[in-house]
2 protein chains.
Amino acid sequence: MAFDSAVQGELLALLGEDRAFFDPATRQLYASDETPRACPPEAVVFPTRHEQVAALVALANRRGFPLVARGAGSGNVGGALPAPGSVVVSFECMNRVLEFDPANRLMVVQPGVVTDDIDALAASAGLMYAPDPGSGAYCRIGGNLAMNAAGPRCVKYGATRDHVLGLRAVAGDGRELKVGGRTSKYATAYDLTRLLVGSEGTLALITEATLKLVPAPETVASLRVCYADNAAACAAVERVMAQPVVPCALEFMDSRSLSAIREYGGAEGLPEGTRAVLMVEADGDLDDVPHQIALLEKALAGPGLLEIQSGFAAADIKNLWTARKSLSHAVKKIAPLKINEDVVVPVARLDRLVAAIDGLGHRFALPIVSFGHAGNGNLHVNLMVHPDDPDEMARARACRDALVEAVLGLGGSLSGEHGIGSEKRRYVARELDAATLAMMRDVKRLFDPNGILNPGKKLPD
Amino acid sequence: MAFDSAVQGELLALLGEDRAFFDPATRQLYASDETPRACPPEAVVFPTRHEQVAALVALANRRGFPLVARGAGSGNVGGALPAPGSVVVSFECMNRVLEFDPANRLMVVQPGVVTDDIDALAASAGLMYAPDPGSGAYCRIGGNLAMNAAGPRCVKYGATRDHVLGLRAVAGDGRELKVGGRTSKYATAYDLTRLLVGSEGTLALITEATLKLVPAPETVASLRVCYADNAAACAAVERVMAQPVVPCALEFMDSRSLSAIREYGGAEGLPEGTRAVLMVEADGDLDDVPHQIALLEKALAGPGLLEIQSGFAAADIKNLWTARKSLSHAVKKIAPLKINEDVVVPVARLDRLVAAIDGLGHRFALPIVSFGHAGNGNLHVNLMVHPDDPDEMARARACRDALVEAVLGLGGSLSGEHGIGSEKRRYVARELDAATLAMMRDVKRLFDPNGILNPGKKLPD
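Residues numbered from 1 in each chain as written. Chains lettered and ligands numbered in written order. Predicted model: local features only at pLDDT ≥ 70, side-chain atom pairs only at ≥ 80, totals over all residues. Heavy atoms only, no water.

Glancing now at the overall build of chain A. Counting its secondary structure elements, chain A contains 17 helices and 18 strands. A compact globule built from 461 residues should have a C-alpha radius of gyration of about 23 Å, and chain A, at 23 Å, falls within 12% of that. Scored against the burial criterion, the 461 residues of chain A give a buried share of 63%. Pairs at least 24 residues apart make up 72% of the contacts formed inside chain A by residues separated by at least 6 positions. Accessible surface computed for chain A: about 15,900 Å², of which carbon and sulfur atoms make up 51%. (Helix = DSSP H or I, 4+ residues; strand = E, 2+ residues; numbered from the N terminus. Rg over C-alpha atoms; globule rule 2.2 N^0.38 Å. Buried < 20%, exposed > 50% of the residue type's maximum accessible area, 1.4 Å probe, protein only. Contact = heavy atoms within 4.5 Å. Areas by Shrake-Rupley, 256 points an atom, 1.4 Å probe, with all protein chains shown as cover.)

Here you go:
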């Protein structure tokens, strides 16, 4: 690494004085993402154009410093955590919508556009950008592309990767790529578009994305469904996913989540004995949604069902979601640190995953709160710990290991939507066999031979 | 190339006497696909297991002969056309369904399973394998995976690539890969799954695929919609794709198609003056489909509309499709050779594409019949020629060139669903810029350093 005043000068020359920062305050501000870990970068830069990004990659290769791409820094696996000696490339100032073409159901955006703003602009023409990460109000589409972000609606519409038609990007070796296109069908070249989506800034820096939009549904309705235990709720998830009406949300809160809400507020109106809740939504046109809701209610009914409440008007829907929305707050009160795993299993094995997590909580004497996108078999498993208690932290480490074993044993995967980053990469070699992992490393080397882009992420050392 | 009796012996030892053939009759039988071109391979082999495929790739690397993967040989761009000195790897005997897991909406298949059989098995549990290529009754899923095949339903459900969760494969360098997984969401490793889909047997040989299934709709209804001219039909396509109800087919026949049907049979019942037809389908549950059809009829109405006929019962639907189904037969009567381009443009530019094709027909004095998946902007443009007329063939070549220019000028792509194969690769460098094409070549070299797999396909020389 040769990060000195000469490099500083080159960065300033490239980006201008108001787009390259070396002061401790700025470096500290960009030292972390939502992971409880920090590493101040050497510099933070804010490119505004593709050409600057290309020049930046060329400079990084020439001078040998790492580049860490960053959207809003809202990821929670260390995807945007600076590497030692690195320059953070914040895409906050590449935040323009370059083209909105409703007739062709597409939008071309720079990586710094806020995800919800894309959806809002699409909505102005009766369209929708379907992926809806929980951080949508502030996260940037570039981060979504990096991690293959998803959200509740993805059970019906698919994740970020399913909504990208084409990309403009700069590979780690400096080559400027234009992959994919503007059409809804494509059988021409190798699909590097979907390879770059989810590659966590380790292969290329994305500078433009052509996103696919879908028709916006006329209306949405919600169900809050209360069960006597986790198993009853999981069985209902399996029944819902085995019948034809695909909900646009199928969210689960386990018994531990409900204990937390009861203790710290938000459980008002839940029937006594509720030990698991499903939040279910249907979208479509005004005539059809009640019909979908009726069919979903039928599938949701079964042993252990305590209550189904439906909401069709905005105020009622909001009310039904009160318990779910209070969950984040309640969980934080259990313990100061949340170790969030984002595991995914085939949906009909969700019951076994939830039972296994229950067992792990007892075995390691840890409060584990699980909730998430049950329709995809994707749970956020939160180990609640005190970071200053070394014994608890050791148990948490062992518990994570055991959780990974359980998930892989059920045919699942380490991450459904958060990605791998720095925090989960030590588990990757358990999921991938050696030959496949070696090929992944070769792909990394092909795109980024000098290891400039986001080192120490995604793949294990 | 060292294809001699020693190699023959090794192939026999590897596959057994009933799975490796060197006789002229078999080699001739596997010398071509649906492209009007032939090149007998040196041998045809029929592996039955993944391990044999891995051993075959190792042998090909050691001995230096090319392997050309083949499903049913129903492709029409030369994707399965043997290279000189090659061994055809027919997957016809790897035709087992390894696992059908309706609760998790997935099926694990070998590449030789016939596409329609997958859909039929899925239907037995109320599910559907959505991609529906016209050759579904006999094509093999391996070929579909190689080409990213699609069909009418893909306007609503997406193409083959959108329905693959994971793959087992042998890369050209012999490495055995397991990519993707069994879950409906996935953010763990690089997405090599979708990279291999559509790579036309040039990167790896796929030996197992985990396919995603969707709920089967309860019913389907059809509309046959007649227009006074191409422009009126294209405007209707644009209106349909701008409103919320996504049809499960939106097929177009241009004025030349209708002339052919009129001349050679199949036009009975079409109103006088019909110069373009849309075939539109909606699927869903019994209560909802009539509602969808009503909304589609509204969008389809506009200037130049002559007639809308709807069909809800199977017999009526079949009747409505008569003209469309007679088209292939009628087209063949125009001239002995059909040069089939499979171009795709953003859907709102379909009108301009169709007008451009009309202009090309006049300019090059060629009958050009266009029809296809209008909802995706994906047209099959058929130049009808006499192969023994050198002047006509020269005009056809010039016309193809001009068509490619027109398509790329409209922001489109060379292929929507047929792929590139040997027949279109000379155009690829017009669509991809030099840096992107170089990266594609590097990807090829990474997976297949000795160029063993399907040489002379997909990428230009």
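So, next bit.
What follows is about the relation of the copies chain B and chain A. Its rotation angle being 180 degrees, the transformation that places chain B on chain A also includes 0.0 Å of axial translation and leaves an RMSD of 0.0 Å. Such a combination of rotation and displacement between the chain copies is what one expects of a two-fold axis. By residue overlap, the copies meet face to face through one surface: 100% of the interface positions of chain B are interface positions in chain A. (Least-squares fit on C-alpha atoms with pLDDT ≥ 70 in both.)

Attention now goes to helix α9 (residues 255–264) of chain A. Residues and elements named next belong to chain A. Turning to α9, its buried residues number three or more, namely S255, S257, L258, A260 and I261. The secondary structure elements touched by the buried residues of α9 are α8 (230–241), β13 (249–253), β14 (276–284), α12 (322–325), α13 (327–334) and β17 (368–373). Where α9 terminates, the next one or two residues include G265, which has phi positive at roughly 105 degrees.

Before going further, it helps to examine the domain arrangement of chain A. Residue and element names in this part refer to chain A. Domain assignment breaks chain A into domain 1 (5–90), domain 2 (97–215), domain 3 (219–328) and domain 4 (334–428). Each of domain 2 and domain 4 was reduced to a C-alpha centroid, and the two centroids are 28 Å apart. Contact with domain 2, which involves nine residues of that partner, is made by eight residues of domain 4. Note on domain 2 versus domain 4: buried area summed over both sides is about 570 Å², and carbon and sulfur give 47% of it. Three residues stand out in domain 2 for area buried against domain 4, namely M147, V155 and E200, and they jointly supply 58% of the buried area on that side. Summed over the shared surface of domain 2 and domain 4, the number is zero salt bridges. Where domain 2 touches domain 4, the interface holds two residue pairs in polar contact (both at pLDDT 80 or more). When the residues that make up the side of domain 2 that touches domain 4 are grouped by side-chain class, the tally is six nonpolar, two polar and one charged. (Domains from an automatic or database assignment. Buried area = accessible area lost by both parts, 1.4 Å probe. Salt bridge = Lys/Arg side-chain N within 4 Å of Asp/Glu carboxyl O. Polar contact = N/O pair within 3.5 Å; in protein donor to acceptor, adjacent residues only side chain to side chain. Nonpolar A, V, L, I, M, F, W, Y, C, P; charged D, E, K, R; others polar.)

Moving on, we come to the sheet that holds strand β17 (residues 368–373) of chain B. Residue and element names in this part refer to chain B. The antiparallel open sheet is built from seven strands, whose spatial order is β15-β12-β14-β13-β17-β18-β16. Of all the strands in the sheet, just β15 (305–311) and β16 (337–344) have a single pairing partner and so form its edges. Across the sheet, the mean angle from the axis of one strand to that of its neighbour is 15 degrees, orientation sign disregarded. Two elements, β17 and strand β18 (residues 378–385), share six bridges in a ladder whose sense is antiparallel. (Pairing = 2+ DSSP bridges. Axes fitted to C-alpha atoms, helices over the stretch in contact; angles between N-to-C directions.)

The next subject is the interface of chain B and chain A. Each partner contributes residues to the interface: chain B has 81 residues there, and chain A has 81 residues. Between chain B and chain A lies a buried interface of about 6,500 Å² when both sides are counted; carbon and sulfur atoms form 57% of it. On the chain B side of the contact with chain A, K185, Y190 and M439 of chain B bury the most area, a combined 15% of that side's loss. In this structure, the connection of chain B to chain A is made through 34 residue pairs in polar contact (both at pLDDT 80 or more). Only β9 (176–180), α7 (192–196), α8 (230–242), α10 (288–300) and α16 (434–447) of chain B provide two or more residues apiece to the side of chain B that touches chain A. Considering each element in turn, the side of chain B that touches chain A owes the most residues, 10 residues, to α16 of chain B. For the side of chain B that touches chain A, the class distribution of residues is 37 nonpolar, 21 polar and 23 charged.

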